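A structural walkthrough
Now for the letters of each chain:
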Amino acid sequence: MLQRIIDLNEINEDSIFLWGPRQTGKSTLLKQLFPNNPYYDLLKSDVYSRYKLKPSLFRDECMMLDEGSVVIVDEVQKIPALLDEVHWLMTNRGLRFILCGSSARKLKRSGANLLGGRAIRKVLHPLVSVEIPDFNLEKAINHGMLPRHYLMENPQKRLQAYIGDYLQQEIIAEALVRNLDSFARFLEVAALSDTEMVNYTKIASDCGVSSKTVKEYFTILEETLVGTFVPAYTKVVKRKVQVSPKFYFFDIGIVNYLLHRDGLKQGTVEFGHAFEHLIIQEILSYLDYFESAKKLSFWHTQNNAYEVDAVIGDAEVAIEIKSSQNINSTHLKGLKAFQEEHPSCKLYVVSMEERPRMFNGVEVWPVLEFLKRLWDNKIILP
């Protein structure tokens, strides 16, 4: 059984909202950690119908629990009215809750009771390298890091079903878009822009919709936790910089499916893009799990002469991600230009080289060793 590293120890004192994209393993995790606690699974039609018709039944049942008991409600966004009962039980009975779901979008849009800051927000990401014994980089790049997909020999049908379920359960069921065909087309075009700066006008032209609609579609992806924007590092010292963000889907396997690519091999452009995405995915998960106040950004000059893939905090760490087995001075151009403006910045290259080395003041690390150091808090201090 995979050991997830997300920390839910706050449940000893506070309630928790546990969000995460579908199939990241939220239900499995909760059943593993709390096997004997009251568990309400709103995906079950009979359970859903029971409390949808009469939410007060939930309160009546929880009144029988001892003070301080922990109650789990899975897919809580399906019945927003339950949150009023949860609020009352927290206040009057001293119960604590883990409220689990794929996103808070429906709750926010319906004006549901989000407990006024009485519950801590946590997000479960796809698997990260440190959670997988004998982590296989090639498998991760081709299959993605959703637990079921990573562990399968051929996840293509699962990936197809995942996209279908997302469109059905998140988009159609909640009537988030008027034209499903244009949104499905947008998903593919957005995948083409993965790891690249977002150009709303170009994406709109490729999809046959307005730039305003494209921005709304990206907002849907963010609010349903299917992707995230990484902002540009905009502090100007010498060189003018780009300000457009990049967008990353939450899992590289989803991008592979949307782009109809499979069997990615080292040395190809496609492998390089996927390699960068995977490292960014790990960094984002690390910052979230360790609740770091430091933010991830990237640096790109307006004349396109220099770029750094990842900047941590206020220029504390800069990371270039290259799937090359032989890092040379050309690969360091962006890092060295960034260092000219931020001399105290620590510089790293993540690579496919066999051994770590110091090259022109830059630490070059093989990818697996870099990831181990990342999760050992030796790259970024939380």
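An account of the accompanying structure is given in this report.

Rules used in this analysis
Throughout this document, residue positions are counted from 1 along each chain, in the order its sequence is written. Per-residue local features of the predicted model are confined to residues with pLDDT of at least 70, and side-chain atom pairs are confined, for both listing and counting, to 80 or more; whole-chain, interface and lining totals are unaffected and use all residues. The side-chain quantities take in all heavy atoms of the structure and omit both hydrogens and water. Every helix listed is a DSSP run of H or I at least four residues long, and every strand listed is a run of E at least two residues long, numbered separately from the N terminus. What qualifies as a polar contact is a pair of N or O atoms within 3.5 Å, subject to a donor-acceptor requirement within protein and to the restriction that residues adjacent in sequence count only when both atoms come from side chains. By definition in these notes, contact holds between two residues if any of their heavy atoms fall within 4.5 Å. The rule for pairing is simple: two strands pair if DSSP sees at least two bridges between them. To get an axis, a line is fitted to the C-alpha atoms, and for a helix only the part in contact is used. The angle between two axes follows their N-to-C directions and goes from 0 to 180 degrees. Under this scheme an angle from 65 to 115 degrees is roughly perpendicular, one under 35 degrees roughly parallel, and one over 145 degrees roughly antiparallel; angles in between are oblique. Amino acids outside the nonpolar list (Ala, Val, Leu, Ile, Met, Phe, Trp, Tyr, Cys, Pro) and the charged list (Asp, Glu, Lys, Arg) are all regarded as polar, and Gly is one of them. Nonpolar cores were defined as sets of buried Ala, Val, Leu, Ile, Met, Phe, Trp, Tyr and Cys residues, with membership established by side-chain atoms within 4.5 Å. Think of it in three bands: with a 1.4 Å probe and only protein chains considered, a residue is buried below 20% of the maximum accessible area for its type, exposed above 50%, and partly exposed in between. A pair of Phe, Tyr and Trp rings is counted when the ring centres sit within 6.5 Å of each other, with Trp represented by its six-membered ring. The angle between the planes then sorts it: under 30 degrees is stacked, over 60 is edge-to-face, the rest tilted. To sit over a ring, a charge needs its Lys NZ or Arg CZ within 6 Å of the ring centre and within 35 degrees of the ring normal.

Comments concerning the side chain of Glu 363
Relative to the assigned elements, Glu 363 resides in strand 13 (residues 362–366). Within polar-contact distance, the side chain of Glu 363 engages the side chain of Trp 365 at 2.8 Å. Beyond its immediate stretch of four places on either side in the chain, Glu 363 contacts Lys 346, Leu 347, Tyr 348, Val 349, Arg 357 and Met 358.

Topic: the sheet that holds strand 13
Pairing is mixed in the open sheet, where six strands are placed in the order 8-9-10-11-13-12. Edge positions in the sheet fall to strand 8 (296–300) and strand 12 (357–359), since each of these pairs with one other strand and no more. The average angle at which neighbouring strand axes cross in this sheet is 30°, direction not considered. Summarising the sheet, strand 10 (residues 317–321) and strand 11 (residues 346–351) pair through five bridges and their orientation is parallel. Bridge pairing links Ile 321 to Val 350 in strand 11.

Brief notes about the packing of helix 13 (residues 269–289) against helix 15 (residues 367–375)
Taken N-terminus to C-terminus, the directions of helix 13 and helix 15 make an angle of 10°; their axes are 11 Å apart at the nearest point. Compared by their axis directions, helix 13 and helix 15 come out roughly parallel. Every residue of helix 15 that contacts helix 13 at Phe 275, Ile 279, Glu 282, Ile 283, Ser 285, Tyr 286 and Tyr 289 is listed here: Val 367, Phe 370, Leu 371, Leu 374 and Trp 375. Split by residue class, the contact of helix 13 with helix 15 holds 10 nonpolar, one polar and one charged.

Considerations on the nonpolar core
Residues Phe 183, Phe 186, Leu 221, Phe 249, Ile 283 and Ile 319 are the most contacted members of the largest nonpolar core, which totals 86 residues. Examining the composition of this core, we find that 10 residues originate from one element, helix 13, more than from any other. Those residues in contact with Phe 249 that lie beyond four places of it in its chain are Leu 187, Ala 190, Ala 191, Asp 194, Leu 221, Val 226, Gly 227, Ile 254, Val 255, Leu 258 and His 277. In this structure, Trp 19, Phe 58, Met 90 and Leu 225 belong to the second largest nonpolar core, which totals 26 residues.

With respect to the packing of aromatic side chains
Going through the model one piece at a time under the given rule, you end up with 24 aromatic pairs. Look at Phe 135 and Tyr 150: their rings are 6.4 Å apart centre to centre, the planes differ by 10°, and that puts the pair in the stacked class. Here Phe 135, found in the loop between strand 5 (119–123) and helix 6 (137–143), pairs with Tyr 150, found in helix 7 (residues 147–151); they are 15 residues apart in sequence, far enough to count as distant. Counting every residue linked through ring pairs, the aromatic cluster contains Phe 183, Phe 186, Tyr 200, Tyr 217, Phe 218, Phe 229, Phe 247 and Phe 249. Above the plane of the ring of Phe 359 lies Arg 357, whose end atom (NZ or CZ) is 4.8 Å from the centre.

As for the side chain of Asn 142
In this structure, Asn 142 sits in helix 6. Take Asn 142: its relative accessible area is 7%, and that puts it in the buried class. Engagement of the side chain of Asn 142 in a polar contact is seen with the backbone oxygen of Glu 138, the distance being 3.0 Å. Among the polar contacts listed, one links the side chain of Asn 142 to the backbone nitrogen of Leu 264, at a separation of 2.5 Å.

Here's the deal with the sheet that holds strand 4 (residues 96–101)
The strand order 2-3-4-1-5 describes an open sheet built from five strands, whose pairing is parallel. Two strands in the sheet have a free side with no partner beyond their single neighbour: strand 2 (39–41) and strand 5. Strand-to-strand twist across the sheet, computed as the mean angle between neighbouring axes with direction ignored, equals 15°. Here strand 3 (residues 70–74) runs beside strand 4; their pairing, made up of five bridges, is parallel. The residue of strand 4 that forms the bridge with Val 73 is Leu 99. Set on the sheet, helix 1 (residues 26–33) makes contact with strand 1 (15–19), strand 2, strand 3 and strand 4; between it and strand 4 the angle comes to about 155°. Along the sheet, helix 4 (residues 82–93) contacts strand 1, strand 3 and strand 4; its crossing angle with strand 4, the most-contacted strand, is approximately 160°.

Worth remembering: the numbers are spatial, not functional.
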